[in-house]
Structures are given as structure tokens and as C-alpha cells.
Amino acid sequence: MFPGVITIIPQFLLFSTLGLVDTYFGCIIPYAVGSLSLSVFIMKGAFDSIPRDLDEAASLDGAGEMRTFYKILLPLTLPSIATVALWAFMGSWLDWALANVMLKDNTLWTLPLALYDFIQPNFTYYGSFAALSIIMSIPVFIVFMIFQKYLVTGLTAGSVKG
Amino acid sequence: MAGVRLQNVSKVFKNTAAVRDVNLDVEVGEFLVLLGPSGCGKTTTLRIVAGLEKPSTGSVYIGDSQVDDVLPKDRDIAMVFQSYALYPHMTVHDNLAFPLKMRKYSKQQIEEQVTKTAETLEMSNLLQRRPKELSGGQRQRVALGRAIVRNPKVFLMDEPLSNLDAKLRVQTRVELKNLQKRLGTTTIYVTHDQAEAMTLADRVALMRNGMIQQVGRPTEVYAHPVNKFVAGFLGSPTMNFVEGTIRSTGDGAVFDTGEFSFPVHPRVASVLLPGGSKKGTYGIRAEDIGVGNGETEGSAEVKVFGSELMGSEQFVHGTRGKLDIIARAPMEFQAPIGSSVWMNLTSPNAHFFDAETEMALV
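Since the structure is predicted, the reported quantities are computational estimates derived from the model, not experimental observations. Throughout this document, residue positions are counted from 1 along each chain, in the order its sequence is written. Just so you know, chain letters begin at A and ligand numbers begin at 1, following the order they were written in. For a predicted model such as this one, the threshold for reporting local features is a pLDDT of at least 70, and the threshold for listing and counting side-chain atom pairs is 80 or more; totals across whole chains, interfaces and linings nevertheless cover every residue.

A. Representation of the overall build of chain B within the structure. A count of helical and extended segments in chain B gives 9 helices and 20 strands. Across its three principal axes, chain B shows a C-alpha extent of roughly 80 × 45 × 35 Å. The burial criterion counts other C-beta atoms lying within 10 Å of a residue's C-beta, which is placed from the backbone; the residue is buried at 20 or more, exposed at 12 or fewer, and partly exposed between these limits. When burial is assessed residue by residue, chain B has 41% of its 362 residues classed as buried. The long-range share in chain B, meaning contacts at least 24 apart out of those at least 6 apart in sequence, stands at 65%. Counting from the N terminus, the helices are DSSP H or I runs at least four residues long and the strands are E runs at least two residues long. Any pair of residues counts as being in contact when their C-beta atoms, constructed from backbone geometry, are within 7 Å of one another.

B. Spatial organisation of the overall build of chain A. What chain A contains, in helices and strands, is 8 helices and 0 strands. Reading the secondary structure of chain A in the N-to-C direction produces α-α-α-α-α-α-α-α. Each radius of gyration is computed over the set of C-alpha atoms, and the globule rule expresses the reference value as 2.2 Å times the number of residues to the power 0.38. The C-alpha radius of gyration computed for chain A amounts to 20 Å, which surpasses the reference 15 Å derived for 162 residues by more than 25%, pointing to a less compact arrangement than a globule. Taking all 162 residues of chain A together, 21% fall into the buried category. A separation threshold of at least 6 residues defines the contact pool for chain A, and within that pool the share at least 24 residues apart is 70%.

C. Up close: the sheet that holds strand S1 (residues 4-13) of chain B. Residues and elements named next belong to chain B. Judged by pairing direction, the sheet is antiparallel, and its 4 strands sit side by side in the order S2-S1-S4-S5 without closing on themselves. The open sheet is flanked by strand S2 (16-26) and strand S5 (65-66), the only strands paired with a single partner. As defined by bridge partners, strand S4 (residues 57-62) adjoins S5 across 2 bridges and the pair is classed as antiparallel. Residue pairing for S5: Ile-62 is matched across the bridge by Ser-65. When DSSP finds at least two bridges between two strands, those strands are taken to pair.

D. A look at the nonpolar core. Among the nonpolar cores identified, the biggest contains 101 residues, and Val33(B), Met79(B), Leu156(B), Ile188(B), Ala205(B) and Ala327(B) are the most heavily contacted of them. Ranked by residues supplied to this core, first place goes to helix H2 (residues 92-102) of chain B with 6 residues. All the domain ranges listed were derived from an automatic or database domain assignment. Lining this core are residues from two domains, each supplying at least three of them: domain 1 (4-229) and domain 2 (240-354) of chain B. If near-sequence neighbours (up to four positions away) are discounted, Ala205(B) is found in contact with Leu24(B), Leu32(B), Leu34(B), Leu35(B), Ile212(B) and Val215(B). The term nonpolar core means buried Ala, Val, Leu, Ile, Met, Phe, Trp, Tyr and Cys residues held together as one set by C-beta atoms within 7 Å. In terms of nonpolar packing, the next biggest core, distinct from the first, is built from 5 residues, Phe15(A), Leu98(A), Ala99(A) and Met102(A) among them.

E. Summary view of the sheet that holds strand S10 (residues 211-216) of chain B. All names here are of chain B. Ordered by their spatial adjacency, 6 strands build an open sheet running S6-S7-S8-S3-S9-S10, and the pairing between neighbours is mixed. Strands at the two margins of the open sheet, each flanked by one partner only, are strand S6 (77-80) and S10. Mean inter-strand twist for the sheet, computed between neighbouring axes without regard to direction, equals 15°. Bridge count between S6 and strand S7 (residues 154-158): 4 bridges; the pairing is parallel. Across the sheet, Val-80 pairs through a bridge with Met-157, a residue of S7. In the packing of helix H4 (residues 136-148) onto the sheet, the strands contacted are S6 and S7, and the crossing angle to S6 comes to about 175°. As a rule, the C-alpha atoms of each element are fitted with a line to give its axis, helices using only the stretch in contact, and angles between N-to-C directions run from 0 to 180 degrees.

F. Focus on unusual backbone geometry. Residues and elements named next belong to chain B. The omega torsion across Ser-236 and Pro-237 is 0°, close enough to zero to call that bond cis. Structurally, Pro-237 is set in the loop between helix H8 (228-233) and strand S11 (240-248). At Asn-8, a residue that is not glycine, the phi angle is positive and equals roughly 50°. Of note in this structure, Ala-85 is not a glycine but carries a positive phi near 50°. Checked against the element boundaries, Ala-85 lands in the loop between S6 and H2.

G. Region of the structure containing the domain arrangement of chain B. Here chain B is described as being made up of domain 1 (4-229) and domain 2 (240-354). Computed over C-alpha atoms only, the centres of domain 1 of chain B and domain 2 of chain B are separated by 40 Å.

H. Structural context of H4(B). All names here are of chain B. Given a rise of 1.5 Å per residue, 13 residues ought to cover 18 Å, and the 19 Å separating the end C-alpha atoms of H4 matches this to within 8%. Of all 13 residues in H4, 10 are buried; the element is thus mostly enclosed. When we look at burial in H4, the residues that qualify are Arg-139, Gln-140, Arg-141, Val-142, Ala-143, Leu-144, Gly-145, Arg-146, Ala-147 and Ile-148. Taken together, the buried residues of H4 touch S6, H2, helix H3 (107-120), S7 and helix H5 (166-183). By this rule the span expected of a helix is its residue count minus one, scaled by 1.5 Å.

I. Structural context of the interface of chain A and chain B. In this complex, chain A contributes 15 residues to the contact, which on the side of chain B involves 17 residues. Put simply, the parts of the chain that give the side of chain A that touches chain B at least two residues each are helix H3 (52-60) and helix H4 (65-76) of chain A. With 6 residues, the single largest contributor to the side of chain A that touches chain B is H3(A). For this classification, Asp, Glu, Lys and Arg are treated as charged, while Ala, Val, Leu, Ile, Met, Phe, Trp, Tyr, Cys and Pro are nonpolar and the rest, including Gly, are polar. For the side of chain A that touches chain B, the class distribution of residues is 8 nonpolar, 3 polar and 4 charged.

If you want it as C-alpha cells, here you go:
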């Protein structure tokens, strides 16, 4: 696996051709696609670990494929969904490198860029830096609180088994 | 309720034939047990009836309708899996209600049916628990409950008792038989446990290598096996098989093992023409062998190399040359290891199997 950072320049060139630099989509697309590989990997593991008997039992009980998916399979993969969701959220929320390249207009800036802006060549606004750091951590904290009951099992369950 | 009919059903996985040309007629309300060793195709056959596998050739009928192209959910059958396949995130109540919800029963009907089923299976106090909070036996009952809750046409059961401990298995076996008779629902039950098959079945279908060997009432299959495989599979301990030659004598016939010979019952001797002889296998069950501490006419001396006490009886393992013979004896029979006992192998219930085809000749 290559570090994601090395794809930033090609991405920038591509997105500038497409006119996506300095737009939210310029970040949204790479964030979504970037988190997909690990998410798919974890979710595949999660679905694979559900015994086939459960699908079959549901189909004999009268559920169609969609119903089996929503009523049986999806609830059983919640720990993995929680893991994947938190992972994807944190990856995007805390990214600085890509946003720094894609977003030049400071009205579009993400919080990590604003945070970085508090560090100036000759002065660092430590007070503001600390305050914004705390503000930034609140959503992460909230998301973690929501998912934590799944997360403890999910962290191991998603990777090896569901 | 409906019967089930399999007509020339075969199933091939890649290059392996799992089920070969199976013809089976399960009557309305009948308890049919598919019995056989691991990998004999019995579970595949059951899954074909359920619609979880498509037969490579042949057809399945439930009642009068051909169901080859009918989805499992529309076949109106219920299946109990070996793993129980309970929905782990739902309570027992919701597990039972699930098949009813899928079939759009009203809330009131669902409550009535769930309560009734829970009462039938004596698990009303478990309704709010989740599967992981239940013992193996309780889970097994929930799985059964999920099958009976909507009165399907046919029950399919895939070794549902194999995860229970020995004592619970015996108890559940009786309950299951009782329940099936009360509900009167046609049932196909898969097992590799011959004791389970004997106690549960109205009829047993014995399978090997994807083919049905014999179908019949348990007593019939036990007493009159069609071939050596069936004879050896049913009964515990397994039937004793002795290779050798049966030979006509002046007033009857003897079976010669090469090591020793013993007279055979006229019923067994009937396989021979007068003056003839035939190579084959003599089969006799442990309970048909007479054991004694002294020589009697026609008995053979064997050395005891072990005995299993079963409670009111014991199985004496005797050896002579290359032969191992197991005979049933009363509990108090004295057979210390290394001693000699006399076994009488002449019995009207013995069988004779052809050396080449292994088919039972008597």
C-alpha cells in the first residue's frame, strides 16, 4: 500500500482539469473514495462471517433478498458499520494534506486548515489553537459516543470476523 | 399439509455427484428419516426439497404441485437447521414472530400464534431473551418453534439434535416425535445417528454415495436389510460380518470361515442348491449370538478381549484368528479378558450377503 499523500499531486492535476479545485467536491470525492477500500474490506469480512444458514433460514421464513438484507444481515454487521463509519469520518474530519492542496479559498477551508492558520511564521496563537482543537474534537467525541457500544466488538470483529 | 415426492432427482457439484437418481415418496403426515454416513447426500437432498439447492435433473413435488421453479419462501415449508440459525439480534419472541411478519399476519394473529407456540414448547418464560442467553436445548426449542409457528405444509430438519448432550438428545427425541404426531405435519428429518432414525421414523430411507439403498419401516430395515451396507449401518453394535463359504452338507449346510465352521439355520441354507456352495459374508447381530462358558453343539470357541457393560446387558468382544465377534450377554455373564467363551452363531435371523454384489440373499 502506498501512502495516500503521494496521490495528492496527480489528484490535484486531474481535479484542476475537471474544475473541481476550490470546490467542496474536490475534497468530498477523494475522501469518500479513499475510505472505500478499507470499508469494503472490513464489510466484506463482516458479511462473510455471518453464517449462510441465517440467509437460508430467512428465505425459508418468507423473506425476500432485500428483506433478508435489511432485517437480518444489516443489523448483524452494525459493529463493523460503526467501525467503518468512525474510520471514514475521522479520516475526512482530520485531514489536512489534501484539503490544503485542494482548497485555496479560505471561505471553503476545513477546520484543520483553520487550525494550521493559527501557526504563523513569527507567532503562534496558542489560545485560539487550543480552543479550536477542543471544538474540533467535539464531533469526534459525539460520533464515538454513538457508536461505542458497537465499537468494542467491532474493532476486532470487523477485521477478522463479524 | 402435503406429501413430498422426489422424482429422479440428481445433483452434481462440479464433477461430484452428490445425489443420484433419488426417487422418494413421503406421504402426508409421515415422519421420514434420511439416514446415512457423512457425505452421503442426505443434507443435499433435504436442501433440494427446501429449494436451497436446485436439482441438476429431476423434479420435486410438494402436494400435487411441482415446485422446481418455486422460491424457498413460497414453498410453505419450514426448516430446522443443525446450527439452529436463530436470528441473534432478535428476542425469542421476535424470532418466532419473524416468519409470521414476513407473511403479513396481523399483529393480533402474530401474538396469538407466538403465545400458542411458546406454550406448546413450554418456553413462555423465555420470550424476552435473546438466543445467546439460552442454553443449547432452549435454542433448539426456539428453532423448532420458529418452524411450527406458522403451520407449514412440510417440516425439514437437518440434524437438529446433534448439538445437544446425550441425555437431552434422548429426551428431545421423544418430545419431537410426540409433537410431530400431534401436529400431523409431514416431516423429513436428516440424521447420521441410526438410533435417532430408529426411534423417530415412520419410515427410514438409508442413503449411500448419493443413492437410496433402502426405504422402509425401521423394524423392516433392521430385520431385513437389502445389502451389507444397510445391515452394517443400522444397529449398535454393528452386525458381525464373517467372510467365508457356505456349503451344503447331507442334512443342512455349514458356514466355513477357514478358521472354523459352524452349522447354519435352514433359512440361511436356503440360498444354496442341494450339494452346492457359495462364497459370501455371513451377517449376524450381537443379540442373535448365543454365548456360554461351556461348549455346546455347533458353537465356536473365542478368546475374550474385552466386554462393554451397558447396564442390564453387556457386549462381549471375542476374537478367533482374524475374526472379531461381538455378542450380547446378560450383565452377570462372566467373561474376563483373556478367557475363552463359546459363541453359537447359528440363528434364523442371520443373513448371507453375496461376495460380489454384497446384496442380501437371505
